[in-house]
Amino acid sequence: MVKKVVLITLDGLGIGELPDAKEFGDEGSNTLGNMATAVGGLKLPNLERMGLGLLGNFKGIDKTKDPIASYGIMAEASKAKDTSTGHWEMMGLIIERPFPLYPDGFPSEIIEVFEKAIGRKTLGNKAASGTEIIRELGEEHMRTGRPIVYTSADSVFQIAAHEDVIPVEELYSLCGIAREILKEPHNVGRVIARPFTGIPDNFKRTPRRKDYSLPPPGETVLDRLKEKNIPVVGIGKIGDIFVGKGISEAVHTENNQDGVEKTIEAMRKTDKGLILTNLVDFDMVYGHRNDPGGFAKALSDFDKNLPRFFQDMKNGGILIITADHGCDPTTQSTDHSREYVPLLIYGKKIKAGINLGIRNTFADIGATISEIFDVGKTRTGESFLKEITHL
């Protein structure tokens, strides 16, 4: 009997464009493949052993003949490519209507209401890279005290502020106000606080980012687990993504390595339950900044930590590694990309070398977790538990 599942999302690690990528402006995107080529090849021995190379052609990653894990590829059924939708779908909730986008900035009916509510004018109001917009407007922000508002190709309302100009708690309050304003039809997926420090020409974003997501618009597997008193530990921005729904314990992290350490700590403490981790640096620090070298090093660092996870799985747990969307650091775009994602499953009770093929939805993960913990059949997705276990 499996008592513990550890699900790690490598945020933004797509493995090739989906058939409808053209509709999203993402033709040619392949986060892992293009990155591997850009850096002259990747060395990821532990992910390679799990079967990552069997999911496509990635320079430097061999197609092992004896994978230690079961493996597959997942397509996203929801018509989106954002973090919230990807995670919700993993937990069984497919979104039929995408969140609104604002490539030309937010309309006056949003900005004017927001400015009136916070009692000050704003700067920016356009689609931009987070690091670029604070480089462009950070000095004016410090001089005027006006928060910087911007969006991206994703459904986000982001507010950047220098911690010495608008203290972090006040920035969080501004984001809470924006979240209350942004209702239908302007129900953006996430409002994000983006604090930064430093001086002009040397600004740096801090780890005190905070996401204000819409709550999942329906039941997820997490809700069922919590109802059955099965612990769900959310590590990284998981608590924000699900707005606490179905989460027993939310653990904040500062970076990928901190996320790894806190996941391992949770594994030691948890005898039964689901540990759900998001490692955001792949996406936030490297994908969005078009830094394939940084992305590659971060993957290598994660790969070096994998034996620590393997060791715990000897006690009967299951490790699942996947992603929520792509974020190709080699394309002109600095935003998410519409891609397939990897599916790697490892554990003492998991059969090695089972090819799960291309799954039609991320919700297959949720269906499998539901079957593992016996909380009822999900409305979406198909469990692959019987295909991969010795149970």
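See the structure shown above.
Figured I'd write up the structure that's included with this text.

On to the packing of helix α9 (residues 256–269) against helix α11 (residues 292–313). At a minimum axis distance of 11 Å, the contact between α9 and α11 shows a crossing angle of 5°. Of the possible angle classes, the one that applies to α9 and α11 is roughly parallel. Here Asn-256, Gln-257, Val-260, Glu-261, Thr-263, Ile-264 and Met-267 of α9 lie close against α11, whose contacting residues are Ala-298, Phe-302, Asn-305, Arg-308, Phe-309, Asp-312 and Met-313. Residue composition of the contact of α9 with α11, by class: seven nonpolar, four polar and three charged.

Looking now at the side chain of Asn-278. One can find Asn-278 in strand β11 (residues 273–279). Side-chain polar atoms of Asn-278 contact the side chain of Asp-11, separated by 2.9 Å. A distance of 3.3 Å separates a polar side-chain atom of Asn-278 from the backbone nitrogen of Val-280. Leave out the neighbours within four places in its chain, and Asn-278 touches Thr-9, Asp-11, His-87, Ile-235, Gly-236, Lys-237, Ile-238 and Asp-324.

A few words now on the sheet that holds strand β9 (residues 232–235). Pairing is mixed across the open sheet formed by eight strands, whose spatial order is β10-β9-β11-β1-β12-β13-β2-β14. Edge strands, defined here as strands with exactly one partner in the open sheet, are β10 (249–251) and β14 (355–359). The mean inter-strand angle of the sheet, taken between neighbouring strand axes irrespective of direction, is 15°. Pairing of β9 with β10, which is carried by three bridges, proceeds in the parallel orientation. What sits directly across from Gly-234, in β10, is Ala-250. Its contacts with the sheet put α9 on β1 (4–10), β9, β10 and β11, and the angle it makes with β11 is roughly 175°. Across the sheet, α11 is in contact with β1, β11, β12 (318–322) and β13 (341–346); its angle to β12 comes to roughly 160°.

For any pair of aromatic rings, the description rests on two quantities: the centre-to-centre distance and the angle between the ring planes. Across all of its chains, the model carries eight aromatic pairs by this definition. A centroid spacing of 4.7 Å and a plane angle of 45° characterise the contact between Phe-106 and Phe-157, whose relative ring orientation is tilted. Within this pair, whereas Phe-106 is found in the loop between α3 (83–90) and α4 (108–118), its partner Phe-157 is found in strand β5 (residues 156–162), the two being separated by 51 residues in sequence. Phe-157 gets classed as buried once you look at its relative accessible area, which sits at 1%. An aromatic cluster of three or more residues is present, and its members are Tyr-102, Phe-106, Phe-114 and Phe-157.

Within the largest apolar cluster, 84 residues are counted, with the highest numbers of intra-cluster contacts made by Leu-32, Met-91, Leu-225, Phe-302, Ile-365 and Ile-369. The greatest single-element share of this core, amounting to nine residues, is contributed by α11. Among residues more than four places away in sequence, those in contact with Phe-302 are Ile-8, Leu-10, Leu-47, Val-260, Leu-279, Phe-282, Phe-309 and Ile-321. Within the second largest apolar cluster, 22 residues are counted, among which are Ala-161, Leu-182, Val-188 and Ala-193.

Calculation notes
Residues numbered from 1 in each chain as written. Predicted model: local features only at pLDDT ≥ 70, side-chain atom pairs only at ≥ 80, totals over all residues. Heavy atoms only, no water. Axes fitted to C-alpha atoms, helices over the stretch in contact; angles between N-to-C directions. Helix = DSSP H or I, 4+ residues; strand = E, 2+ residues; numbered from the N terminus. Parallel < 35°, antiparallel > 145°, perpendicular 65-115°, else oblique. Contact = heavy atoms within 4.5 Å. Nonpolar A, V, L, I, M, F, W, Y, C, P; charged D, E, K, R; others polar. Polar contact = N/O pair within 3.5 Å; in protein donor to acceptor, adjacent residues only side chain to side chain. Pairing = 2+ DSSP bridges. Phe/Tyr/Trp six-rings, centres within 6.5 Å; stacked < 30°, edge-to-face > 60°. Buried < 20%, exposed > 50% of the residue type's maximum accessible area, 1.4 Å probe, protein only. Core = buried A, V, L, I, M, F, W, Y, C linked by side-chain atoms within 4.5 Å.

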